[in-house]
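Take a look at the letters that make up each chain.
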Amino acid sequence: MNGTVSIFLFGKKYQVPCDLTIMSAMEYAGYQLVKGCGCRSGVCGACTTLYRIEGDSALKCCLACQTKVQNNMYIAAFPAFPFEKQVYDWQTVTPSEATIKQLFPSVDTCIGCGACDKICPLGLPVKQYIACAKAGDFAKCAEMSFACVMCGACASRCPVNVPQPQIAMLARRLFGLQMHLKNDQPSVKLDDFTYELNCLLSMSTDELRALYEAREIE
């Protein structure tokens, strides 16, 4: 068939159009995606997927909604599993090296193996921004982890169970808090956005979807 490729979903072979993403190809093949489909726009990390191309031993990680199918692609869903989380009040915790180590003591056990870098579906420098967090450099950690979609793939590969996504989230929160206090900006009130909220509430689902897809991503 012209314009099609062979893919394997959970071990079963399917012929699908070559211009589809993995997620669209799964639906084309008849799978009803109830879980693991999320935003479908590459920002939520819910559709983390593993795949391997026939003849290539490398196991790769990607977001199914953003990655196009390839011929002889063997595809498997990334398993969802819990990893270390901490409950804290980000408005009161102190932006310091001690805070990171108190909330996430496993950060001190990082051996710098780089397994987290290799599996990240977005190719982020996970090992480097964890080192920045460990040193208390929240600004650098926040900048380097900004595109993280919290999929948890890095945590799944860590041999010492460092919860990289949670540490990066804390760093971004603390850095944002630091900038807020430094600039002495007034607190944002819900009333300031009443008009915008009412406009959104009056839109149809199609209008909201079009607005979301046309948004600017920094």
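Visitor: So what about the packing of aromatic side chains? Which residues, and what values?
Guide: Applying the stated criterion across every chain yields a total of three aromatic pairs. Both rings, one in Phe8 and one in Tyr74, keep their centres 4.1 Å apart while their planes meet at 0°; by these two values the pair is stacked. Remark: Tyr74 occurs in strand β5 (residues 73-77) and Phe8 occurs in strand β1 (residues 4-9); sequence separation between them is 66 residues. The class for Phe8 is buried, based on a relative accessible area of 13%. Considering the side-chain rings of Tyr14 and Tyr31, the 5.9 Å spacing of their centres and the 70° angle between planes classify their relative orientation as edge-to-face. Placement of the pair is Tyr14 in strand β2 (residues 12-17) and Tyr31 in the loop between α1 (22-28) and β3 (48-53), with a sequence separation of 17 residues. Classification of Tyr14 as buried rests on a relative accessible area of 16%.

Visitor: Please give an account of the pairing of β2 that cites residues and values.
Guide: For a regular strand, side chains alternate in direction, first toward one face of the sheet and then toward the other. Direction of pairing for β1 relative to β2: antiparallel, over a ladder of six bridges. Bridge pairing links Ser6 to Gln15 in β2. Here β1 hands over to β2 after two residues, with Phe10 in that stretch at a positive phi of 55°.

Visitor: Now, about the nonpolar core: what can you tell me, with residues and values included?
Guide: Core analysis: the largest hydrophobic core is formed by 26 residues, its most contacted members being Ile100, Val126, Tyr129, Ile167 and Leu170. Secondary structure elements with two or more residues in this core: α2 (97-103), α4 (126-134), α5 (138-144) and α7 (164-183). Here Ile167 is in contact with Ile100, Phe104, Val107, Ile130, Ala133 and Val162, once residues within four sequence places are set aside. Formed by 22 residues, the second largest nonpolar core is a distinct cluster that contains Ile22, Met23, Ala25 and Met26.

Conventions and cut-offs
Residues numbered from 1 in each chain as written. Predicted model: local features only at pLDDT ≥ 70, side-chain atom pairs only at ≥ 80, totals over all residues. Heavy atoms only, no water. Phe/Tyr/Trp six-rings, centres within 6.5 Å; stacked < 30°, edge-to-face > 60°. Helix = DSSP H or I, 4+ residues; strand = E, 2+ residues; numbered from the N terminus. Buried < 20%, exposed > 50% of the residue type's maximum accessible area, 1.4 Å probe, protein only. Pairing = 2+ DSSP bridges. Core = buried A, V, L, I, M, F, W, Y, C linked by side-chain atoms within 4.5 Å. Contact = heavy atoms within 4.5 Å.

Interpretation note: all reported values are geometric properties and have no functional meaning in isolation.
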